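Here are the chains, one letter per residue:
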Amino acid sequence: MPKNKDISPSPIKEDQCLDLALRPQTFKEYVGQENIKNNIQIIIDASKKRKEPCIEHLLFYGGSGLGKTTLSYLVAKEMGVGVRTIAGPSIKKSGDLAAILTNLREGDVLFIDELHRINRVCEEIIYPAMEEFMLNLIIGKGPMARTMNLKVPRFTLIGATTRLALLSSPLRSRFGATFRLDSYNEEEIKAIIKRSSSLLGIKIEKDAISSIASRSRFNPRVANRLLKRVRDFSEVEGKKKITKEDACSALSFLDVDKMGLESGDRKILEVLLKKFNGGPAGLQSLAIASAEEEETIIEIYEPYLIQIGFIKRTPRGRVITEKAKTYLRNGRS
Ligand code: ADP
């Protein structure tokens, strides 16, 4: 997690209420990702026409905060069924999974977040459940062990992951459709901030929305979080309406610069430039030299630095680009 938790796209504790309050309730309210929405709508309509209780299993992948959970809830809503949510790492034993699956209602959506962190034993249990809505459980140990086959209600599994490559191919292949959520463009992020402002009753000028959008790493969760932080600042200062100046000074105070970078990002770039002479640098070496965890570099810093063209990944390691060198030379703005 970056030192500045405001720009981390991973959910933090304070996000829970904000996420709930701002979560779009219809496909129309869900900004962008048009292609995915259209495809899902077709899948749902076709299955409704065939009068099937559930749709094919769906896999969503993409960075944290890009809207995978929200989309899964919208799918369930559109299908008119209930949704049960569970995080991959919290399913520890096959019994945990069996309890969840047998308690589903016919047609329900089971949403498994962080699917890449589910353990292998549970993964094996999931295969027959996904294919035939059956659980093959082994009861007992050693020579006394026996298998028990249990039918579970028909359900739609929606898996979400930030690391598609970590999913085993047997698991991946059992999903009927896989969708990659891309990051948003500036207009879409502005639309999200505008919608959130009106839901939260925040009065904000157009230019202020643009300033927040340009520093949000084009990530809805980060955008909403920055909006809330800017609101806190302007409330403390007794402002009635947030102006561009208010937004910029609050964001500078939070150490988020015009590119949406904070000190952790700049450290990675400086380490690459100064300790590795611009690279290439392997992930492990970069992590040690910058005193960050490899996971944090992969999941938090690197995606955005690559997206804005500051870092390139080559077969020999990470390399800093000319664009990033210019940014570092000119200092933060
Ligand atoms: P993920 O599951 O990918 O980490 P979430 O679905 O939890 O992301 O989204 C984080 C927050 O960002 C949600 O609460 C929602 O308010 C907002 N959000 C995400 N995607 C969109 C979108 N396309 N339109 C509007 N708001 C969005």
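Residues numbered from 1 in each chain as written. Predicted model: local features only at pLDDT ≥ 70, side-chain atom pairs only at ≥ 80, totals over all residues. Heavy atoms only, no water.

**Student:** When you look at the site of the ligand in this model, what are you seeing that I'm missing?
**Tutor:** In the region of the ligand, 19 residues are neighbours, and V31, G65, K68, T69 and T70 sit closest. In this structure, G67 approaches the ligand through a main-chain N or O atom, which is 3.0 Å from an oxygen atom. Contact with the protein chains hides 98% of the accessible area of the ligand, taken as 560 Å² for the molecule alone. At a threshold of 2 Å from the grid points, most atoms of the ligand map onto the largest pocket. Residue assignment for the shell around the ligand shows that the elements contributing at least two residues are helix 1 (15-22), helix 3 (68-79) and helix 9 (220-236). In the shell around the ligand, the residues fall into eight nonpolar, seven polar and four charged. A domain split of the shell around the ligand shows at least three residues from each of domain 1 (33-180) and domain 2 (186-253). (Near = heavy atom within 4 Å. Polar contact = N/O pair within 3.5 Å; in protein donor to acceptor, adjacent residues only side chain to side chain. Areas by Shrake-Rupley, 256 points an atom, 1.4 Å probe, with all protein chains shown as cover. 1 Å grid on protein atoms, 1.4 Å probe; cavity = no way out; pocket = protein on both sides within 12 Å on 5 of 7 lines; lining within 4 Å. Sits in = over half its atoms within 2 Å of the grid points. Helix = DSSP H or I, 4+ residues; strand = E, 2+ residues; numbered from the N terminus. Nonpolar A, V, L, I, M, F, W, Y, C, P; charged D, E, K, R; others polar. Domains from an automatic or database assignment.)

**Student:** Can you help me understand the side chain of S168 in this one?
**Tutor:** Looking at where S168 falls in the secondary structure, it is placed in the loop between strand 6 (156-161) and helix 6 (169-172). In terms of polar contacts, S168 uses its side chain to reach the side chain of Y127, at 3.4 Å. If sequence neighbours within four positions are ignored, S168 has contacts with R120, E123 and Y127. (Contact = heavy atoms within 4.5 Å.)

**Student:** Explanation requested: the nonpolar core in the structure shown.
**Tutor:** A general tendency of soluble globular proteins is for nonpolar side chains to be buried together. In terms of nonpolar packing, the biggest core is built from 66 residues, with I40, L58, F60, V75, I212 and L269 touching the most fellow members. Every residue in contact with F60, bar those within four places of it in the chain, is listed here: I40, K68, L71, S72, V75, I158, G159, A160, T161, F179 and L181. In this structure, L59, I91, I118 and M130 belong to the second largest nonpolar core, which totals 29 residues. (Core = buried A, V, L, I, M, F, W, Y, C linked by side-chain atoms within 4.5 Å. Buried < 20%, exposed > 50% of the residue type's maximum accessible area, 1.4 Å probe, protein only.)

**Student:** Help me understand the sheet that holds strand 1 (residues 58-61), please; the structure alone is not making it clear to me.
**Tutor:** Hydrogen bonds between backbone atoms are what pair the strands of a sheet, whose relative direction is either parallel or antiparallel. With respect to topology, five strands assemble into an open sheet ordered 2-3-6-1-7, the strand pairing being parallel. Unpaired on one side and paired on the other, strand 2 (83-87) and strand 7 (177-180) mark the two borders of the sheet. When strand polarity is set aside, the average angle formed by the axes of neighbouring strands in this sheet is 15°. Across the sheet, helix 2 (residues 34-49) lies against strand 1 and strand 7, angled at about 160° from strand 7, the strand it touches most. (Pairing = 2+ DSSP bridges. Axes fitted to C-alpha atoms, helices over the stretch in contact; angles between N-to-C directions.)

**Student:** Just checking my understanding: could you explain the packing of helix 11 (residues 263-274) against helix 13 (residues 294-307) for this structure?
**Tutor:** Any two packed helices are characterised by how steeply their axes cross, that is the angle between the axes, and by the distance between the axes. The contact between helix 11 and helix 13 brings their axes to 11 Å, and the two run at 80°. As judged from the angle between their axes, helix 11 and helix 13 are roughly perpendicular. Seen from helix 11, the contacting residues are G264, D265, I268 and L269; seen from helix 13, they are I297, Y301 and L305. Split by residue class, the contact of helix 11 with helix 13 holds five nonpolar, one polar and one charged. (Parallel < 35°, antiparallel > 145°, perpendicular 65-115°, else oblique.)

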